[in-house]
Amino acid sequence: MKLPLSDHEYGEHGAVLPPQNHATHDGADIDLAVRTGIYRKLQEMRQFESRAYDLFMRQLVKGTSHLSLGMEAIAAGFGAAMRSDDYTFATYRGHAHTLARGVPMTPVMAELLGRSNGLMSGKGGSMHLTSVEHGMMGSYAIIGAHLTIANGAAWSAQYRGTGQVAVCFFGDGTTNIGAFHEALNYAAVYRLPVVFVCENNLYMEYTAIADITAVQHPAADRASAYGLGSQVIDGNDADAVYLAASAAIERARAGEGPSLVEALTYRHGGHSRADPGKYRPEHEVAAWKAYDPIPLYRARLVRLGVEEAELDLIDKEVAGAVDLATEEAIAGDLPSPESAFTDVWADGGSSWRN
Amino acid sequence: MAQLTYRDAVARGIAQEMRRDERVVLIGEDVAGAGGVFKTTVGLLAEFGPKRVIDTPISEQAILGAAMGAAMTGLRPVAEIMFSDFFAVCWDIVVNEIAKTRYMTDGQVVLPLVIKTGNGGGLRFGAQHSQSIENWAMAVPGLKVVTPSTPEDVVGLMAAAVRSDDPVMFFEHKGLYSSKGEVPDGDIVDSLGTAKIRRPGTDATILALGMMVPRALAAADQLAGRGISAEVIDVRSLVPLDTATILSSLSRTGRLFTVEENPRLLGWGAEIASIAAEEGFWDLDGPIQRITTPHIPLPSADSLEDLVMPSADSVATTVEKALQS
Ligand SMILES: Cc1ncc(C[n+]2csc(CCOP(=O)(O)OP(=O)(O)O)c2C)c(N)n1
Ligand SMILES: [Mg+2]
């Protein structure tokens, strides 16, 4: 018998280092306007998440929060490739995916703070960000479930003939739960217009995915068993993500069925809250922090001729927006006591008897 | 008016709604080509075609997730979970996702969907294919829960369930599938959240659900022969619960009995008993009594299954004894 912790101490498993082929996408055929748009989104996500962390440490964000720091390129790349009426399904690690769809920062921040001006008036919280009008169909906190739900949205789009595509993000750890496997087969059988996106950040909560998964690529290696095309990509290169996303989404939109993208990435912080992430080899953390999607993307834009000053201006505008969202969120009222009793049912109430 | 079996009534109810609204679609294991393992969806594929009546893999989570995702984006799906026991493998989708999403999203997400299922015992299927689990669903905020006992109610409550903008758990009783009843012609639309007095009476109120309804009615027949006039109420809907009909009956009869197929602990009757104790206490002329299956898994052998489930005889005996003491 081979046990995960029989051949190495906890946290001392072999490191998985980032790819180092960043310059390869410089020449990709992507509009500069799309690229600066992606850059702005990367900044929004980075600065928003950093602020969310500060507010958590100040105990203004209660409960829990799961940040996408270090993983922004996946949300930004997909966000740029999606049509405005496409559907996003995310996990509890969904702040970035919500911003990616154009949801304004204030209601998102206010939701983290449990305020009445929150995206769901304080009733959902950090793990359940949803904005139907933006196609952000929800953030789901039970591992695996939302892959099956994304299938349903894709089925409905197919049935209604709207050409919409559902894009479903999930982690590496999610590939070991039954719902993942049910969902992939189901999507393949009915050729649903859905794109499954595994954000492989190498860890579930506090355990390395490699220690408890039999194959190297937890999502992509399984996809083939269900007849799903898949690609493993550099999830820290927003252009690589954008290209893979565009191809997968167009394929789905054209009626050619579902596919899977496994994007390699890394979280800069811990799993949630104030987790320091000490279960990761130090040189692995250092290598991935050095392969940070944002400076890498900025360097590319500069190589492609964008003025530093233009990028600085974006950074500054985003900083202003994050400050404003923080102020507006903190100034938000607490939810009204009555709101705890609304919207259990479609009649707006919570009554279960006459 | 036509005589219809309970199982045919299921298909008729779904067909009625599918004809009216093309957003209504049906998915489940063996529901299309085979017409359902209990033959409750016969004819639907032929009438509505393979785009609207769909056979699925044995993937209960995928089935309910698909229904949910479709409901939140404009369809009105009916999904079948073949035996209600199988909810144990997809309860996450029901409880964590379907039941809570409207609330968590502050009303942004609407989930007009129906989950139909074969529930209950009496068919000698043993402990994993016979459970009465409507009380599991009743315990979860955000789910409407109905259990029809007659073919006419099957049609009308199915229509009401499909038209509801809330998720509805539709518990068909497997033991009633072959039972027959008169069903009026034309469209039938009932309302959720309403109990029905099946037999008026003055001495005792007997509440029953699903297959316990005909048993309670048979018990009332026996009791009538012994000079006891029992009122039998078909609860039909656990959520919303028609407490008005129940408490008003109690105020007239002074005695309350529940006949529950579920195992004893926390069966649906426990909640009603507690409501009656709080709100109908001064109307009571004696203790509330729950008649349930004991707190055991259901045995398979016919002799044992019959022994443990409430029967017309055991209901009549219990009520008679209680009224005499
Ligand atoms: C069914 C279920 N089991 C366990 C958990 C607890 N849990 C929350 S996040 C998490 C790790 C998930 O890892 P992964 O899928 O890689 O996503 P990541 O957090 O890395 O983005 C676990 C085990 C859960 N939410 N749901
Ligand atoms: Mg992970």
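Refer to the structure presented above.
In this report, we go over the structure that sits alongside the text. (Residues numbered from 1 in each chain as written. Chains lettered and ligands numbered in written order. Predicted model: local features only at pLDDT ≥ 70, side-chain atom pairs only at ≥ 80, totals over all residues. Heavy atoms only, no water.)

Here's the deal with the coordination of the magnesium ion (ligand 2)
All names here are of chain A.
Phase 1 of the analysis: The protein atoms donating to the magnesium ion (ligand 2) are D172 (OD), N201 (OD1) and Y203 (O), with metal-donor distances spanning 2.0 to 2.2 Å.
Phase 2 of the analysis: Sequence spacing of the donor residues for the magnesium ion (ligand 2), all on one chain, is D-x28-N-x1-Y. Here N201 lies in the loop between β4 (194–200) and α7 (220–223) and D172 lies in the loop between β3 (166–171) and α6 (178–189), a separation of 29 residues in the sequence.
Phase 3 of the analysis: A relative accessible area of 4% places N201 in the buried class. (Donors = N, O, S within 2.8 Å, 3.2 Å for Na, K, Ca; no water. Helix = DSSP H or I, 4+ residues; strand = E, 2+ residues; numbered from the N terminus. Buried < 20%, exposed > 50% of the residue type's maximum accessible area, 1.4 Å probe, protein only.)

Observations regarding the nonpolar core
Phase 1 of the analysis: Grouped together as the largest cluster of nonpolar side chains are 142 residues, with contacts concentrated most on F89, F196 and L260 of chain A together with L64 and I206 of chain B.
Phase 2 of the analysis: Both domain 1 (2–183) and domain 2 (196–324) of chain B contribute no fewer than three residues apiece to this core. (Core = buried A, V, L, I, M, F, W, Y, C linked by side-chain atoms within 4.5 Å. Domains from an automatic or database assignment.)

Some thoughts on the sheet that holds β4 of chain A
Backbone-to-backbone hydrogen bonds join strands into a sheet, with any given pair of strands oriented parallel or antiparallel.
All names here are of chain A.
Phase 1 of the analysis: Strand order across the open sheet formed by six strands is β2-β1-β3-β4-β6-β5, with parallel pairing between neighbours. For this open sheet the edge positions go to β2 (136–140) and β5 (229–234), each flanked by a neighbour on one side alone. Across the sheet, the mean angle from the axis of one strand to that of its neighbour is 15 degrees, orientation sign disregarded.
Phase 2 of the analysis: Sheet analysis places β4 next to strand β6 (residues 259–264), joined by six bridges and oriented parallel. Counterpart to F196 in the pairing with β6 is L260.
Phase 3 of the analysis: Here α6 sits on the sheet and contacts β3, β4 and β6; the angle it forms with β4, its principal contact strand, is near 150 degrees. (Pairing = 2+ DSSP bridges. Axes fitted to C-alpha atoms, helices over the stretch in contact; angles between N-to-C directions. Contact = heavy atoms within 4.5 Å.)

Brief notes about the sheet that holds strand β10 (residues 204–208) of chain B
All names here are of chain B.
Phase 1 of the analysis: The strand order across the open sheet built from five strands is β9-β11-β10-β13-β14, with neighbouring strands paired in mixed fashion. Both edges of this open sheet fall to β9 (196–199) and β14 (289–293), since each of them pairs with a single strand only. Here the strands of the sheet are splayed against their neighbours by 25 degrees on average, with no regard to which way each runs.
Phase 2 of the analysis: As paired strands, β10 and strand β11 (residues 230–234) are joined by five bridges and run parallel to one another. Paired with A204 across the strands is A230, a residue of β11.
Phase 3 of the analysis: Each of β9, β10, β11 and β13 (256–263) touches helix α9 (residues 243–253); the most contacted strand, β11, lies at about 175 degrees to it.

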